[in-house]
Amino acid sequence: MNDDKGEGVAIANLIGTDGCSVVGWVYRWSTGSHAVMWDVQGPQPVSETRPDISDEQKQEIDFDALTRIGRSDDR
């Protein structure tokens, strides 16, 4: 990570609902903030992060919403 350029580093994989596919990554930026980057398929429902991240990090990326992507009851 290059703090001078505002770069980030992937700290966890986002695992799809099949329990094995990596559908995205959680990045920690040099500013200390966290964000999600999706694979080429775009946003997909997530079942977990590997490795697990802290509750505070999950709250920052709105992990609960990531588990509900595509569900019809979210309208």
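Residues numbered from 1 in each chain as written. Predicted model: local features only at pLDDT ≥ 70, side-chain atom pairs only at ≥ 80, totals over all residues. Heavy atoms only, no water.

1. Some details on the pattern of salt bridges
All chains considered together, the criterion is met by two salt bridges. Between Glu-48 and Arg-50 there is a salt bridge, with the nearest N and O atoms lying 3.0 Å from each other. Residue classification places Arg-50 among the partly exposed residues on the basis of a relative accessible area of 36%. As a salt-bridge pair, Lys-58 and Asp-52 come within 2.9 Å of each other at their nearest N and O atoms. (Salt bridge = Lys/Arg side-chain N within 4 Å of Asp/Glu carboxyl O. Buried < 20%, exposed > 50% of the residue type's maximum accessible area, 1.4 Å probe, protein only.)

2. Focus: the packing of aromatic side chains
Tallying each qualifying case throughout the model produces one aromatic pair. A centroid spacing of 5.8 Å and a plane angle of 20° characterise the contact between Tyr-27 and Trp-29, whose relative ring orientation is stacked. The side chain of Lys-58 reaches across the aromatic face of Phe-63, ending 5.4 Å from its centre. (Phe/Tyr/Trp six-rings, centres within 6.5 Å; stacked < 30°, edge-to-face > 60°. Lys NZ or Arg CZ within 6 Å of the ring centre and 35° of its normal.)

3. Description of the environment of Gly-42
Tracing the backbone through its elements, the reader meets Gly-42 in the loop between β3 (34–38) and β4 (46–50). On the basis of relative accessible area, Gly-42 is assigned to the buried category, the value being 14%. As a C-alpha pair, Gly-42 and Val-23 span 19 residues in sequence and 8.0 Å in three-dimensional space. (Helix = DSSP H or I, 4+ residues; strand = E, 2+ residues; numbered from the N terminus.)

4. Considerations on the nonpolar core
Judged by nonpolar contacts, Ala-12, Leu-14, Val-23, Val-26, Val-46, Ile-53, Ile-61, Phe-63 and Leu-66 together constitute the single largest core of nine residues. For this core, the secondary-structure elements that each account for two or more residues are β1 (8–16), β2 (22–29) and α2 (63–67). Residues in contact with Val-46, not counting those within four places in the same chain, are Leu-14, Ile-15, Val-23, Trp-38, Phe-63, Leu-66 and Thr-67. (Core = buried A, V, L, I, M, F, W, Y, C linked by side-chain atoms within 4.5 Å. Contact = heavy atoms within 4.5 Å.)

5. Here's the deal with the sheet that holds β3
The four strands are arranged β3-β2-β1-β4 in an open sheet whose pairing can be described as antiparallel. The open sheet terminates on both sides in strands that have one partner only, identified here as β3 and β4. Pairs of neighbouring strands in the sheet enclose a mean axial angle of 35°, with direction left out of account. Where β1 and β2 come together, seven bridges link them in antiparallel fashion. Bridge pairing in β2 places Asn-13 opposite Trp-25. (Pairing = 2+ DSSP bridges. Axes fitted to C-alpha atoms, helices over the stretch in contact; angles between N-to-C directions.)

6. Observations concerning the pairing of β1
Here β1 folds back onto β2 in antiparallel fashion, the turn holding five residues, of which Gly-19 has a positive phi close to 85°. As paired strands, β1 and β4 are joined by four bridges and run antiparallel to one another. Of the residues in β4, the one forming a bridge with Gly-16 is Val-46.

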